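Coordinates in review
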Amino acid sequence: MAGVRPTPARVREALFDILGARVPDSAFLDLYAGTGAVGLEALSRGAARSIFVERGRAAARILATNVARVARTGSAEILEEAAGAALRRLTGRGDRFHIVFLDPPWDESVAAEVLVLAASLLAPTGILVREHRSGQDASLPEEAGLRPGRTYRYGDASLSLFHRDPGSRPA
């Protein structure tokens, strides 16, 4: 399917090794979900809920099929719309997430508004993980209010982690 680059299995495994005990009972946001492999993995590891955001109609259909097929313990919701629109909807509903995972298309720039909105949806002790091409700048705008953590490199793919400063509050 054109435009969909699934997170490789070894990167997914590494991601969940990094997240560890944060996943069980968490609220997980899979932004730019594609086929949903990452959000479904979160559910299989005990996340209470996973929300998938995917704007591509073909990918969203495959995602819906995957969600229906996979046994899971938590709830799943698919938002078939652009990232910015979905994040504004989630903000309006008052949603908060323990883990926000962004895996945007590597050859498209991500609007600063999307990054700031994604950061604003983090629970106070939440973590934002951005998958990106190794060597690519994955920094967030200062308005996001998150500090960079470690970046893990896995060949062409890297995972960059971002956290709130202790004592800061969500926007």
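Residues numbered from 1 in each chain as written. Predicted model: local features only at pLDDT ≥ 70, side-chain atom pairs only at ≥ 80, totals over all residues. Heavy atoms only, no water.

1. Thoughts on the environment of Arg-57
Looking at the secondary structure, you find Arg-57 in helix 3 (residues 57–69). By relative accessible area, Arg-57 is classed as exposed at 57%. For the pair Arg-57 and Glu-81, spaced 24 residues apart in the sequence, the C-alpha separation amounts to 8.8 Å. Among the polar contacts listed, one links the side chain of Arg-57 to the side chain of Glu-80, at a separation of 3.5 Å. (Helix = DSSP H or I, 4+ residues; strand = E, 2+ residues; numbered from the N terminus. Buried < 20%, exposed > 50% of the residue type's maximum accessible area, 1.4 Å probe, protein only. Polar contact = N/O pair within 3.5 Å; in protein donor to acceptor, adjacent residues only side chain to side chain.)

2. Concerning the pairing of strand 4 (residues 97–102)
As a general feature of sheets, a regular strand has side chains that alternate between the two faces. The element strand 4 is largely enclosed, with a buried count of five among its six residues. Bridge count for strand 1 (residues 27–31) against strand 4 is four bridges, and the pairing is parallel. From the neighbouring strand, Asp-30 faces strand 4, where its bridge partner is Phe-101. In terms of strand pairing, strand 4 meets strand 5 (residues 122–133) through five bridges, oriented parallel. Bridge pairing in strand 5 links Leu-102 to Arg-130. Between the parallel pair strand 4 and strand 5, the chain is carried across by helix 5 (residues 112–120), and the sense of this crossover is right-handed. (Pairing = 2+ DSSP bridges. Right-handed = clockwise from strand over helix to strand, strands pointing away.)

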